[in-house]
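One letter stands for each residue in the lines below.
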Amino acid sequence: MLFASSSYNVCITMLYFFLVFSLLPSIYGDLCSVCKCGIKQYYDQNMYVTDCTNAGIDARTVELLENLPTETEVFIFKGNFVPVLPVNIFGSDKNLTKLKVIDMTDNGIEVIKGKTFHHVPVVERLILDHNSITLTNNSHPRVFSNFENLRELHLTDAFLDNTSADLAEELHSIFINSNLTKLIKLHLEQNEISSFADKRVFCDLQNLMDLHLGNNQLKNVNFDLKCLQNLRYLDLQYNQISHFSREDLNTFDSFAKKREFNLDIHKNNFTCDCSVNDLYSWLKTTKVIVRNNESISCHYFRDPHPILLKDFNSSKCINRIPYEGAHPYTKYLFFSILVFLVIYLIFLSVKYTTLYCRHSIAPTGKVHYVVITNQDDHSREVRVQLNKIPFSV
């Protein structure tokens, strides 16, 4: 009886410890209890993947990420809601020496703190697509500085809308201070970028090979490309580009002389006038591989219906006066000339009118003095006759 009671106590104790240790991961936040962890195929490779897609993690439970398994090679964190990524998001004392890919697409991210990513020495691909990141003067310029081996940076539709005016300046600051010397691919599609105030925005990415700027609002190539000596692909599709300058086309050709160079420019705002002649001729002779070149089109002024550029009759091109889509320097020159002509015509008109009036109303010197002399003589005669009349009452 004593033996049976003792055995019962042992079983109860063992069951207790089993339950405690089985619940410990949940008590202390086991990430794999809400995410899928294990070996799976990722881009045709068997890798240890921690997949937290639509796991319901938010600002209150984001500390779960501190328990990311150290064997993780690919971390997928999509469809959650964490507006502010905290400092040391993967923990302050964990060195993730196997982690190569971080995908944080579509999490409503607005702020990334300067010390968010630590101990990520071998990460090669960082994806932050479809977020609302705000870049201001207060943004930390070394936000990517711990990615020592980063080769791909994906920022498609990553920034808060209507921030393109300051985007170039802040990006340049980040590129300089984050020391992204190994970066070869940069994605900036769908960010409403209309221009880059800082023309050297990409020049510190010396090893950049692929630059994706599609689906923006660029009107021309107003940034420096010549500094990117290793460029092999430039994506400019689905923008508002109305023409390329001869210098732009020469720059594209210079890349093709060094290596195979690919360019995508279809679905832009090319106009069917003489300004497109250079592009029309260049497409026939260039060694640049122009993707989708059969679908490149242009449209006539005030006519939204596009025609394929290959069907454009360049011998019958019609020049037009600059309009809103024209190159800004052309518009300024045209306006300056117009103002000068108007001022000059006004000056001539005033001068002619003044001369005409003077000539019409001014009498000659001879007539003037004759009249005065006659008037003086007459007045003298009157005064003399009055003096001769006797005074009478």
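Data block above holds the structure.
What you see is a predicted model, and the numbers here were worked out from it, not measured in a lab. (Residues numbered from 1 in each chain as written. Predicted model: local features only at pLDDT ≥ 70, side-chain atom pairs only at ≥ 80, totals over all residues. Heavy atoms only, no water.)

The next subject is the overall build of the protein chain. Of regular secondary structure, the protein chain possesses six helices and 15 strands. Within the protein chain, the proportion of its 393 residues that are buried is 39%. Put simply, 70% of the contacts in the protein chain that link residues at least 6 apart link residues at least 24 apart. Accessible area of the protein chain: about 23,600 Å², with a carbon and sulfur share of 56%. (Helix = DSSP H or I, 4+ residues; strand = E, 2+ residues; numbered from the N terminus. Buried < 20%, exposed > 50% of the residue type's maximum accessible area, 1.4 Å probe, protein only. Contact = heavy atoms within 4.5 Å. Areas by Shrake-Rupley, 256 points an atom, 1.4 Å probe, with all protein chains shown as cover.)

The next point concerns the sheet that holds strand E3 (residues 74–76). On the basis of which strands lie adjacent, the open sheet formed by eleven strands has the order E1-E2-E3-E5-E7-E8-E9-E10-E11-E12-E13 and mixed pairing. Since the sheet does not close on itself, it has two edges, and those belong to strand E1 (36–42) and strand E13 (289–291), each with one partner. Between one strand axis and the next, the sheet turns through 10° on average, direction left out of account. (Pairing = 2+ DSSP bridges. Axes fitted to C-alpha atoms, helices over the stretch in contact; angles between N-to-C directions.)

Right, let's get into the side chain of histidine 154. You can see histidine 154 is positioned in strand E8 (residues 152–154). There is a polar contact of 3.0 Å between the side chain of histidine 154 and the side chain of glutamate 152. Setting aside residues no more than four positions away along its own chain, histidine 154 makes contact with Arg125, Leu126, Ile127, Leu128, Asp129 and His187. (Polar contact = N/O pair within 3.5 Å; in protein donor to acceptor, adjacent residues only side chain to side chain.)

So, on to helix H3 (residues 246–258). For H3, built from 13 residues, the straight-helix expectation of 18 Å at 1.5 Å per residue is met to within 8% by its first-to-last C-alpha distance of 19 Å. Residues of H3 that are buried include every one of Asp248, Leu249, Thr251, Phe252, Asp253, Phe255 and Ala256, and no others. Taken together, the buried residues of H3 touch strand E11 (233–235), strand E12 (262–264) and helix H4 (277–285). (Expected span 1.5 Å × (residues − 1).)

Another point: the state of the cysteines. Under the counting rule described, the total for this entry stands at four disulfides. There is a disulfide in this structure between cysteine 203 and cysteine 227, and the S-S distance comes to 2.1 Å. Taking the sign of the torsion about the S-S bond as the criterion, the disulfide between cysteine 203 and cysteine 227, at about -80°, is left-handed. Taken together, the residues cysteine 203 in the loop between strand E9 (185–187) and strand E10 (210–212) and cysteine 227 in the loop between E10 and E11 connect sequence positions 24 residues apart. Comparing cysteine 203 with cysteine 227, the two get one shared label, buried. Covalent S-S linkage joins cysteine 272 and cysteine 298, the inter-sulfur distance amounting to 2.0 Å. Judged by the sign of its S-S torsion, about 100°, the cystine formed by cysteine 272 and cysteine 298 is right-handed. Here cysteine 298 lies in strand E14 (residues 297–298) and cysteine 272 lies in the loop between E12 and H4, a separation of 26 residues in the sequence. Across the pair, exposure class does not vary: cysteine 272 and cysteine 298 are buried alike. (Disulfide = S-S within 2.5 Å.)

Right, let's talk about the side chain of threonine 105 for a bit. Along the chain, threonine 105 turns up in the loop between strand E5 (101–103) and strand E6 (111–112). Excluding its chain neighbours within four sequence positions, the residues that come into contact with threonine 105 are Phe77, Lys78, Gly79, Ile127, Asp129, His130 and Asn131.

Running from amino to carboxyl end, H3 crosses H4 at an angle of 20°, the nearest separation of the two axes being 10 Å. By the criterion of interaxial angle, the relationship of H3 to H4 is roughly parallel. Note on packing geometry: the crossing formed by H3 with H4 is right-handed. On the side of H3, the interface is formed by Arg246, Leu249, Phe252 and Asp253, while H4 contributes Asp278, Leu279 and Trp282. Across the contact of H3 with H4, the residue classes break down as four nonpolar, no polar and three charged. (Parallel < 35°, antiparallel > 145°, perpendicular 65-115°, else oblique. Left-handed = near helix turned anticlockwise from the far one by under 90°. Nonpolar A, V, L, I, M, F, W, Y, C, P; charged D, E, K, R; others polar.)

The next thing to look at is the nonpolar core. Core analysis: the largest hydrophobic core is formed by 83 residues, its most contacted members being Phe90, Ile102, Leu186 and Phe202. Broken down by secondary-structure element, the contributors of at least two residues to this core are helix H2 (164–178), H3 and H4. The leading source of residues in this core is H2, at five residues. Aside from chain neighbours lying at most four places away, what touches phenylalanine 90 is Leu65, Glu66, Leu68, Phe75, Leu96, Leu99, Ile102, Phe117 and Val120. Formed by six residues, the second largest nonpolar core is a distinct cluster that contains Met47, Val49, Val74 and Val101. (Core = buried A, V, L, I, M, F, W, Y, C linked by side-chain atoms within 4.5 Å.)

Our next topic: the pairing of E1. In this structure, E1 lies alongside strand E2 (residues 45–51), joined through seven bridges in antiparallel fashion. Along E2, the bridge assignment pairs tyrosine 42 with glutamine 45. Here E1 folds back onto E2, and the loop between the two strands holds two residues, one of which, tyrosine 43, carries a positive phi near 50°.

Tracing the backbone through its elements, the reader meets leucine 85 in strand E4 (residues 84–85). Given the relative accessible area of 1%, leucine 85 is considered buried. Distance from leucine 85 to lysine 115, taken between C-alpha atoms, is 9.5 Å for residues 30 residues apart in sequence. Look past the residues within four positions of leucine 85 in its chain and what remains in contact with it is Met104, Ile109, Val111, Ile112, Lys113, Thr116 and Phe117.

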